[in-house]
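Chains, contacts and geometry: an overview
Spelled out from the first residue to the last, the chains are:
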Amino acid sequence: MKGSDVTTSPLNRRAFLGRTALTGLGVALAGSVDTLFRPQVAAAVPGTAPGYGPLVPDPNKILSLPAGFSYTVVSRSGETLLDDGSPVPSDPDANGVFANGNGATIVTNHEVGSNEPFGVPVVDGLTYDPGARGGTTTATVGPNGARQGQYVSVAGTVNNCAGGITPWGTWLTCEETEARAGSNGFTRDHGYVFEVAPASQAANVGKSPIPLKFLGRYAHEAVAVDPATSAIYLTEDASNPNGLYYRWTPPQGFVGGPGALHALAQSAGGDTAGSLQAMKCLSGGTHVPDLSRATEPGVRYTVQWVDVPDRDAKSTSVRKQFTNDQVTRSRKLEGQWWGDGGVYFVASFARTSDGSVAEHDGQVWFYNPATETVELKTLFGVNPDPAVDTGNYDGPDNITVSPHGGMILAEDGEGISHLIGVTEEGQPFPIARNELNDSEFCGPAFSADGKTLYANIQTPGLVLAITGPWRRAAGGSVFGS
């Protein structure tokens, strides 16, 4: 993801590589031993090399994949045309992928703020703020990713970064901003979540532009929905101070389903329906001020939830309404995905200069609502040289839990960018490498049948469909069967 507009200055990880004792890659996942794996250690164990083998250089210099895998370019920003003849918007980010016969429907966020070359077209009945240029488009594709059509599904939003799929088959798209009406030509306040139906463009008219204000106004990143309770978990990508992890609990009697969130948002008192709370972590009864404090996989904290005083941030940003002893903060809270009865969520990196208490190049946490705990499952130590491809990775961002086991992370760090697979035993391996440039990968998500992985290269704006022998990979992965 691009940095949040509430961050005062960009942070170059390379400026900090010499200041940390934690180097290399540390990984562990559910079901694995809580050990810090490093590339040189994992490579020394016979028969444990994970993945599908080395990446084969792409003669078209777009995407290198293991032998037997191939890709299709679904769309290119500025070149591919929408159904109305407009160019596909810039900066594709997170994807929601839904079953559609033998193919799929892909709802794609466009992280357009103000000056990107191709904005999301304004469409009557689908536009929240005609002064804003972000939003989502929806593409239908065949079984191998061949594009059949694409249309605007919500417009007039800002920096649509990540989001999440609901249990009732819709897409929640998130604005990563705190911009107010009157800035940058905006006519309405921004920083909300919107719900998009994948069924058709008509299904969204008058509905997708409804802001779900009860989920708060801040620099949203991603959401995950508990299918049993309809509770919604939300990440915040912000700094000065660092962002928070949130939970929205629906009001009594609420039943999640198609149209339920829109109806709640438009009901009397809908702007503050349910309860929005921020996470506070405890270690043995001692407050944990920042998630970067955890430096080894297996660390587990007890969670409490603290009510947000003013979720619409009328005068003060939500994260600034708390003192540091009231909540637990984290730098660069990014993607998340519901799986295994809880939420996997990502902290992309941390540096002491940004207020973090320790440094890393990525954490994956698991929140268990049954036990009210968070556990550090995956740890990336600071990458000593992001410009070389030596099995060190940095800056995980979007995440998906594979329908076959394990997970996939989209790398958004310095230097070379990868799609990274992680086995259930905690071993990382490259699935794809960006050969175009150093732009981030975004939006990994599998088709319902598990045969196609969709992912984006944000710049120059490619949506890609990756197919191949998704199966049990070397090193204990269970991608495929």
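Residues numbered from 1 in each chain as written. Predicted model: local features only at pLDDT ≥ 70, side-chain atom pairs only at ≥ 80, totals over all residues. Heavy atoms only, no water.

Attention now moves to the overall build of the chain. Broken down by element type, the chain carries 2 helices and 28 strands. Across the 481 residues that make up the chain, the buried fraction comes to 62%. Nonlocal contacts in the chain, meaning residues at least 24 apart in sequence, comprise 62% of its contacts between residues at least 6 apart. Counting every atom, the chain has about 16500 Å² of accessible surface; 51% of that belongs to carbon and sulfur. (Helix = DSSP H or I, 4+ residues; strand = E, 2+ residues; numbered from the N terminus. Buried < 20%, exposed > 50% of the residue type's maximum accessible area, 1.4 Å probe, protein only. Contact = heavy atoms within 4.5 Å. Areas by Shrake-Rupley, 256 points an atom, 1.4 Å probe, with all protein chains shown as cover.)

What follows covers the side chain of N456. Mapped onto the secondary structure, N456 falls in strand 27 (residues 452-457). N456 gets classed as buried once you look at its relative accessible area, which sits at 0%. Within the local environment of N456, its side chain forms a polar contact with the backbone oxygen of D93, the two atoms lying 2.5 Å apart. Within the structure, the side chain of N456 is placed 3.1 Å from the side chain of N95, a separation counted as a polar contact. (Polar contact = N/O pair within 3.5 Å; in protein donor to acceptor, adjacent residues only side chain to side chain.)

Ranked by internal contacts, the top residues of the largest apolar core, which has 29 residues, are F214, I232, L234, Y246, W248 and L261. Every element with two or more residues in this core is listed here: strand 10 (171-175), strand 12 (220-225), strand 13 (232-236), strand 14 (245-249), helix 2 (260-266) and strand 15 (275-283). Ranked by residue count, the leading element in this core is helix 2, at 4 residues. Setting aside chain neighbours within four positions, we find I232 in contact with L172, L215, V223, A224, V225, Y246, R247, W248 and L261. (Core = buried A, V, L, I, M, F, W, Y, C linked by side-chain atoms within 4.5 Å.)

Turning our attention to the sheet that holds strand 22 (residues 396-401). Taken in spatial order, the 6 strands of this open sheet run 2-3-25-24-23-22, and their pairing is antiparallel. Both edges of this open sheet fall to strand 2 (55-56) and strand 22, since each of them pairs with a single strand only. Pairing of strand 2 with strand 3 (residues 63-66), which is carried by 2 bridges, proceeds in the antiparallel orientation. Following the sheet pairing, L55 is matched in strand 3 by P66. (Pairing = 2+ DSSP bridges.)

The description of an aromatic ring pair uses the distance of the two centres, along with the angle that the planes make with each other. Scanning all chains against the criterion turns up 17 aromatic pairs. Each ring, one from Y52 and one from F429, has its centre 6.0 Å from the other, and the planes form 75°; the classification is edge-to-face. Residue Y52 is found in the loop between helix 1 (39-43) and strand 2, and its partner F429 is found in strand 25 (residues 428-434); the two are separated by 377 residues along the sequence. A single burial state applies to Y52 and to F429, both of which are buried. Seen from their ring centres, Y128 and F194 are 5.1 Å apart, and the 65° between their planes marks the pair as edge-to-face. Separated by 66 residues along the polypeptide, Y128 in the loop between strand 6 (103-110) and strand 7 (134-141) and F194 in strand 11 (residues 193-196) bring together distant segments of the chain. An identical accessibility class is assigned to Y128 and F194; each is buried. Ring pairs connect the aromatic residues Y52, F69, F429, F446 and W470, which therefore count as one cluster. (Phe/Tyr/Trp six-rings, centres within 6.5 Å; stacked < 30°, edge-to-face > 60°.)

The subject of this paragraph is unusual backbone geometry. Among all residues save glycine, negative phi is the norm, and among peptide bonds the norm is trans. Residue P241 is bonded to the preceding N240 through a cis peptide linkage, with omega at 0°. Inspection of the secondary structure puts P241 in the loop between strand 13 and strand 14. Here the residue pair T459 and P460 is connected by a cis peptide bond, since its omega of 15° sits within 30 degrees of zero. Locating P460 in the fold gives a position in the loop between strand 27 and strand 28 (462-467). With a phi close to 55°, D91 is a non-glycine residue in the positive phi region. Residue position: D91 is located in the loop between strand 4 (70-76) and strand 5 (92-100). Of note in this structure, N240 is not a glycine but carries a positive phi near 55°.

A complete count under the given rule lists 12 salt bridges for this structure. The shortest N-O distance in the salt bridge between R319 and E178 comes to 2.7 Å. Separated by 141 residues along the polypeptide, R319 in the loop between strand 17 (300-307) and strand 18 (333-339) and E178 in the loop between strand 10 and strand 11 bring together distant segments of the chain. A single burial state applies to R319 and to E178, both of which are buried. Bridged by salt links that share partners, the residues D237, K332 and E334 form one connected network. (Salt bridge = Lys/Arg side-chain N within 4 Å of Asp/Glu carboxyl O.)

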